[in-house]
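Coordinate inspection notes
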Amino acid sequence: QLAREEVGQRFVGHPWTERVGSWLAEQPASRDLLTARDIFIEALGGVDKLLDGRVERSIAQCMRALNWESCLKRINGRPARRYRPRVAVAAIAELL
């Protein structure tokens, strides 16, 4: 436990985390499923053709730090990766 706390104090988050967090705070509560593309273009001002695996991994790191989790949702029968707040998952678990 002590080692975990020490590592947490030394950990420097991804440079995008603050920008993504500010953008998330401005989004309506109803917008609870987001794609890496949504975040890259809308929060970071990225260009669609520059969205690659490296960028997606960076976004995933930011979203985990902001207490969001990755999930798969079927859209037109095909699995699609989305991000959702972990709090919502915890709230659902409490109801069960």
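The paragraphs below set out a description of the structure included in this document.

Rules used throughout
Residues numbered from 1 in each chain as written. Predicted model: local features only at pLDDT ≥ 70, side-chain atom pairs only at ≥ 80, totals over all residues. Heavy atoms only, no water. Phe/Tyr/Trp six-rings, centres within 6.5 Å; stacked < 30°, edge-to-face > 60°. Helix = DSSP H or I, 4+ residues; strand = E, 2+ residues; numbered from the N terminus. Buried < 20%, exposed > 50% of the residue type's maximum accessible area, 1.4 Å probe, protein only. Pairing = 2+ DSSP bridges. Axes fitted to C-alpha atoms, helices over the stretch in contact; angles between N-to-C directions. Parallel < 35°, antiparallel > 145°, perpendicular 65-115°, else oblique. Contact = heavy atoms within 4.5 Å. Nonpolar A, V, L, I, M, F, W, Y, C, P; charged D, E, K, R; others polar.

Here the focus is the packing of aromatic side chains. Applying the stated criterion to the full structure yields one aromatic pair. On the numbers, 6.5 Å between centres and 45 degrees between planes, the contact of Trp-16 with Phe-40 is tilted. In this pair, Trp-16 sits in the loop between helix 1 (2-10) and helix 2 (17-26) while Phe-40 sits in helix 3 (residues 36-43), placing the two residues 24 residues apart along the sequence. A residue is classified by how much of its surface remains accessible, and Phe-40, at 7% relative accessible area, is buried.

Moving on, we come to the pairing of strand 2 (residues 78-85). Sheet topology places strand 1 (residues 68-75) next to strand 2; eight bridges connect them, and they run antiparallel. Counterpart to Glu-69 in the pairing with strand 2 is Arg-84. In this antiparallel pair of consecutive strands, strand 1 and strand 2, the connection spans two residues, and Asn-76 shows a positive phi of 55 degrees.

Time to look at the packing of helix 2 against helix 3. Describing two packed helices takes the angle between their axes plus the distance from one axis to the other. Orientation of helix 2 relative to helix 3, taken along the N-to-C sense of each, is 95 degrees, at an axis distance of 10 Å. Looking at the two axes, helix 2 sits roughly perpendicular to helix 3. Contacts between helix 2 and helix 3 involve Arg-19, Val-20 and Trp-23 from the former and Asp-38, Ile-39, Glu-42 and Ala-43 from the latter. Class assignment for the residues of the contact of helix 2 with helix 3 results in four nonpolar, no polar and three charged.

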